[in-house]
Amino acid sequence: MTLTHSPAGSATRRRRGAARQSRAGMAFVAAYVVLLIAFGVLPTAYAIYFAFTDAGGSITGFANFVTTAQDFRFMDAVSHVAVYLVFWLLSLAVFVVALALLLHRLASGSASKALRFLYYIPGALAGAASVLVWLFMLDPTVSPVSSLLESLGFHTFGEVIAPGNLPVLFTIIAFWTGAGGWIVVMYGALNNIPTDVMEAARIDGAGAWQTAWHVQIPMLRKWIVYMVILAFAGGAQLFVEPQLLSLASVGVAGRDYSLNQLTFDFAFQMNNINGAAAVSVELLVVSVSAAALFVARSGFFDAD
């Protein structure tokens, strides 16, 4: 006896399957939207409200923004964060892509898995924990690399964390903590490049450098832009590293080194919640504007 399926029955089953998938997708999205509203949209709206009002709830316009900008620490904090962002974004864009390309080219099998795991380990440490590890590493009296520090002319912890060295130190700490995850992401993106494209480059006589520069990096462009956007937003909110370093150095690094530290000081030392909200809104505007610029100039949403 032969069983046959009518076209109408097959179409009905397909519609039911699509409906189930649609409901499941909507359930996942709905959960995300609820969390986004609760922990993203509402706090942002609350901060904007505080930024444009005074302690009594009266509308003050841009008065809080003017007051915080006139604070003698504000421009120094802006310059500190700007210099740090330059170091951080350049190191991330250059070294993450380079290490991912090397990993993709040289490693295979178990070696590749081991290297990816090693890259990811530092990212498992929370920000505060990673800074504490580096406080130990940067003290020439106890550091396992004290000979290297001394060869560079650093004999005390105070010399290592001198203000002029802080952008580089914060970049090293941030790279050690966050770059490994991005290397793994870029490695996965490289694996998604069609093999026929790579084969065509090889047949055309392209070497490793030419293939990386003319084929792989252009095809990683959107991933690189995505990484830079998130790194910019995170770097602009620099807080944990200078805050812990300030405590460990008894103020050598300064408790108002970054804009987030200054916001913390406004809110909890000066009891100026409205001024803190104003600085937070400024950080939000800068981050969103930078993200929009990167997206617009890179063609992030253009169809390939």
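Below you will find a few notes about this structure. Within each chain, residue numbers correspond to sequence positions counted from 1 in written order. Reporting of local features is limited, given that this is a predicted model, to residues whose pLDDT is at least 70; pairs of side-chain atoms are given and counted only at 80 or more, and all residues count toward the totals for whole chains, interfaces and linings. Heavy atoms throughout the structure, all of them, feed into the side-chain values; hydrogens and water do not.

## Regarding the environment of Gln 261
Stated precisely, the cut-off is as follows: Helix and strand labels come from DSSP, where a helix needs a run of H or I of at least four residues and a strand needs a run of E of at least two; each type is numbered from the N terminus. Relative accessibility decides the category of a residue: with a 1.4 Å probe and only protein chains considered, values under 20% of the type maximum give buried, values over 50% give exposed, and everything between is partly exposed. In what follows, residue pairs with any heavy atoms lying within 4.5 Å of each other are defined as contacts. The definition of a polar contact used here is a pair of N or O atoms within 3.5 Å, where within protein one atom must be able to donate a hydrogen and the other to accept one, and adjacent residues in sequence count solely through side-chain atom pairs.
Mapping Gln 261 onto the fold places it in helix H13 (residues 259-268). Look at Gln 261 and you get buried, because its relative accessible area is 1%. Residues Gln 261 and Pro 242, spaced 19 residues apart in sequence, show a C-alpha to C-alpha distance of 8.0 Å. What Gln 261 contacts, discounting residues up to four positions off in sequence, is Phe 239, Pro 242, Gln 243, Gly 254, Arg 255 and Asp 256. Looking at Gln 261, its side chain comes within polar contact range of the main-chain nitrogen of Ser 258, at 3.1 Å.

## Observations concerning the packing of aromatic side chains
This is how the line gets drawn: Geometry of aromatic contacts follows a simple scheme: Phe, Tyr and Trp rings, the Trp one being its six-membered ring, pair when their centres are within 6.5 Å, and the pair is stacked under 30 degrees between planes, edge-to-face over 60, tilted otherwise. Only when the NZ of Lys or the CZ of Arg is both within 6 Å of the ring centre and within 35 degrees of the ring normal is a charge said to sit over the ring.
The tally for this structure, following the rule as stated, stands at twelve aromatic pairs. Between Tyr 49 and Phe 50, the aromatic rings sit 5.7 Å apart at their centres with planes inclined by 65°, giving edge-to-face as the arrangement. Tyr 49 sits in the partly exposed class, given a relative accessible area of 42%. Ring geometry for Phe 170 against Tyr 257: centres 5.4 Å apart, planes inclined by 75°, an arrangement best described as edge-to-face. You can see Phe 170 sitting in helix H8 (residues 166-191) and its partner Tyr 257 sitting in the loop between helix H12 (240-248) and H13, a full 87 residues away along the chain. Assessed through its relative accessible area of 4%, Tyr 257 is described here as buried. One cation-aromatic arrangement involves Arg 73 over Phe 266; the distance from NZ or CZ to the ring centre is 5.6 Å.

## A word on the nonpolar core
Filter applied, for reference: Only buried Ala, Val, Leu, Ile, Met, Phe, Trp, Tyr and Cys residues count toward a nonpolar core, and they belong to the same one when joined by side-chain atoms within 4.5 Å.
With 53 residues, the main nonpolar core has Trp 88, Val 96, Leu 166 and Leu 245 as its most contacted residues. Of all the elements in the fold, those that place two or more residues in this core are helix H3 (74-106), helix H5 (127-137), helix H7 (157-160), H8, helix H11 (221-236), H13 and helix H14 (273-298). Per-element tally for this core: the top contributor is H3, with 13 residues. Residues in contact with Trp 88, not counting those within four places in the same chain, are Thr 171, Ala 174, Phe 175, Ala 231 and Gly 235. Grouped together as the second largest cluster of nonpolar side chains are five residues, Ala 51, Ala 277, Ala 278 and Val 281 included.

## Section: a nonpolar patch on the surface
Defined as follows: Put simply, a patch holds well-exposed residues, over 30% relative accessible area, that have no salt bridge, with like charges counted together within 9 Å and Val, Leu, Ile, Met, Phe, Trp or Tyr side chains within 5 Å. Here the open area of atoms and residues is found with the Shrake-Rupley method and a 1.4 Å probe, where only the protein chains shown may cover a residue. The working definition used for a salt bridge is a side-chain nitrogen of Lys or Arg within 4 Å of a carboxyl oxygen of Asp or Glu.
On the surface, a cluster of nonpolar side chains totalling about 620 Å² of accessible area is made up of Val 29, Tyr 32, Val 33, Leu 36, Ile 37, Val 41 and Leu 42. Residue position: Leu 36 is located in helix H1 (residues 7-51). Residue class for Leu 36 comes out partly exposed when judged on its relative accessible area of 39%.

## Comments concerning the pattern of salt bridges
Enumeration over the complete set of coordinates arrives at five salt bridges. Where Asp 256 meets Arg 73, a salt bridge forms, and the shortest distance between an N and an O atom there is 4.0 Å. Taken together, the residues span a long stretch of sequence, with Asp 256 in the loop between H12 and H13 and Arg 73 in the loop between helix H2 (63-69) and H3 at a distance of 183 residues. Classification of Arg 73 as buried rests on a relative accessible area of 9%. For the salt bridge of Arg 202 with Glu 199, the shortest nitrogen-to-oxygen distance reads 2.4 Å. One end of the pair is Arg 202 and the other is Glu 199, both in helix H9 (residues 195-203) and three residues apart, which spans about a single turn. Judged by relative accessible area, Glu 199 falls into the partly exposed class, the value being 34%. Ionic contacts of the salt-bridge type, sharing partners, join the residues Asp 71, Arg 73, Arg 255, Asp 256 and Asp 265 into one network.

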